[in-house]
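Understanding the architecture of this molecule
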Amino acid sequence: MSLATANEQRQSFMGLLSSEWIKIRSVRSTVFTLIVTAVLTIGISSLGAFAIAANWSHVSAAQRLTFDPTSRSLSGVLLGQLALGVLGILVFTAEVATGTLSATFTAVSSRTKVLLAKITVFAIVAVVVAEIVSFASFFAGQALLSGTTPTATLSGTNVLRAVVGTGLYMAILALFALGLGVIVRHTAGAITTFVALVLVLPLLVTALPTSLSNDINRYLPFTIGQTMMSVHSQPNTFGAWAGLGILAIYTVIIFVIANWRLTSRDA
């Protein structure tokens with residue numbers, strides 16, 4: 001095989017996908033972070049379901065009428081999303097920290113192709129893991145609620161949409177985090193920015209006048225996630241799929257910026 005042919009194979013998109021898959025599955029932090037994602041999401045969802053089941057006799061009539069067993073069994077997503085987001089950040093910043101990114105850019109002339117390969121491989125991993133975790137949380141939560149409180153089944157109104165949509169929400173948010181990692185380039189800085197956008201910003205928005213707070217709040221990822229997890233429509237929010245679409249637009253924008261940063265500066 002000639003040197004030119006070998007170089008062409010390395011630069012082919014399928015070759016890049018294979019390379020990125022090897023990278024993501026061979027790094028120890030990937031397995032660790034995925035385990036943390038599963039433990040946090042399923043564990044906290046189960047604890048939430050167990051707590052409400054144990055205290056159901058003390059729940060008021062009004063709370064019983066509005067109780068959403070689907071949302072309760074998916075409550076761990078609010079922390080699990082952070083762990084999956086951290087993995088998205090590490091997909092890029094770990095290479096920056098170890099210096100392997102420079103070697104990748106030396107072997108591949110198109111940085112955009114490298115970014116697209118990272119996005120594609122991580123998107124597949126994130127969707128598969130997030131959906132598995134979402135369904136596992138739902139079934140574990142319903143098992144703990146069964147016999148004490150109202151429960152939900154996948155055939156119920158909007159239940160399947162909530163479970164599938166929650167997995168997609170986690171995956172898209174993790175891709176958003178990957179984009180942040182490309183822009184910031186430092187693990188600690190990217191994680192801090194990600195946590196601030198997902199958890200701190202909603203708290204700051206609540207300090208604003210109510211009318212302004214409601215207008216801004218509906219666009220926040222945290223609110224979009226809560227809406228997706230619920231089978232009921234939420235006041236002052238977008239519909240579940242509309243909200244997910246907005247989050248997807250955020251992610252596309254962040255990747256456009258990330259690609260510009262990647263192609264306009266040194267490795």
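Residues numbered from 1 in each chain as written. Predicted model: local features only at pLDDT ≥ 70, side-chain atom pairs only at ≥ 80, totals over all residues. Heavy atoms only, no water.

We now examine the overall build of the protein chain. Helix and strand content of the protein chain: 13 helices and 0 strands. Helices and strands appear in the protein chain in the N-to-C order α-α-α-α-α-α-α-α-α-α-α-α-α. Relative to its length of 267 residues, the protein chain is compact, with a C-alpha radius of gyration of 21 Å against a globular reference of 18 Å. Along the first, second and third principal axes, the C-alpha set of the protein chain runs to 75 × 40 × 30 Å. Out of the 267 residues in the protein chain, the part that is buried amounts to 45%. In the protein chain, the share of contacts with a sequence separation of at least 24, taken over all contacts with a separation of at least 6, comes to 79%. Of the accessible surface of the protein chain, which amounts to about 12,700 Å², a share of 69% is contributed by carbon and sulfur atoms. Each charge class in the protein chain was averaged separately, 14 positive and 7 negative side chains, and the resulting centres sit 4 Å apart. (Helix = DSSP H or I, 4+ residues; strand = E, 2+ residues; numbered from the N terminus. Rg over C-alpha atoms; globule rule 2.2 N^0.38 Å. Buried < 20%, exposed > 50% of the residue type's maximum accessible area, 1.4 Å probe, protein only. Contact = heavy atoms within 4.5 Å. Areas by Shrake-Rupley, 256 points an atom, 1.4 Å probe, with all protein chains shown as cover. Lys, Arg positive; Asp, Glu negative; His and termini not counted. Charge placed at Lys NZ, Arg CZ, Asp CG, Glu CD.)

Moving on: the packing of helix 2 (residues 13-26) against helix 8 (residues 111-145). Two elements in contact, helix 2 and helix 8, have axes separated by 9 Å at closest approach and are oriented at 55°. Between helix 2 and helix 8, the angle falls in the class oblique. The chirality of how helix 2 crosses helix 8 is right-handed. Mapping the contact onto sequence places F13, L16, L17, E20, W21, K23 and I24 in helix 2 and K113, V114, L116, A117, K118, T120, V121, F122 and V125 in helix 8. Residues that form the contact of helix 2 with helix 8 fall into these classes: 11 nonpolar, 1 polar and 4 charged. (Axes fitted to C-alpha atoms, helices over the stretch in contact; angles between N-to-C directions. Parallel < 35°, antiparallel > 145°, perpendicular 65-115°, else oblique. Left-handed = near helix turned anticlockwise from the far one by under 90°. Nonpolar A, V, L, I, M, F, W, Y, C, P; charged D, E, K, R; others polar.)

A few words on the nonpolar core. Counting 60 residues, the largest nonpolar core has L84, F122, Y169, L175, L178, V182 and F194 as its most contacted members. Breaking this core down by element, the ones donating at least two residues are helix 2, helix 6 (77-98), helix 7 (100-107), helix 8, helix 9 (159-184), helix 10 (187-205), helix 12 (221-229) and helix 13 (240-263). Filtering out sequence-adjacent residues up to four positions away, L178 remains in contact with G88, I89, V91, F92, K118, I119, F122 and F255. Listed in part, the 7 residues of the second largest apolar core include I52, A53, W56 and L145. (Core = buried A, V, L, I, M, F, W, Y, C linked by side-chain atoms within 4.5 Å.)

Moving on: the packing of aromatic side chains. Aromatic rings considered in pairs are described by the distance between their centres and by the relative angle of their planes. For the structure shown, the criterion picks out 4 aromatic pairs. Ring centres of F135 and F139 lie 6.4 Å apart, and the angle between their planes is 35°; on these two criteria the pair is classed as tilted. A residue pair is termed a helical-turn pair when its members lie 3 or 4 positions apart in one helix, as F135 and F139 do in helix 8 at 4 residues. Owing to a relative accessible area of 23%, F135 belongs among the partly exposed residues under this scheme. You can call F139 partly exposed: its relative accessible area is 47%. One aromatic cluster is present, formed by F135, F138 and F139 through successive ring pairs. Directly above the ring of F238 sits R218, whose terminal nitrogen or CZ lies 4.0 Å from the centroid. (Phe/Tyr/Trp six-rings, centres within 6.5 Å; stacked < 30°, edge-to-face > 60°. Lys NZ or Arg CZ within 6 Å of the ring centre and 35° of its normal.)

A surface patch of nonpolar side chains, about 300 Å² in accessible area, is lined by L197, V200, L201 and L204. With respect to the secondary-structure elements, L204 resides in helix 10. (Patch = residues over 30% accessible without salt bridge, like charges linked within 9 Å, V, L, I, M, F, W, Y side chains within 5 Å. Salt bridge = Lys/Arg side-chain N within 4 Å of Asp/Glu carboxyl O.)

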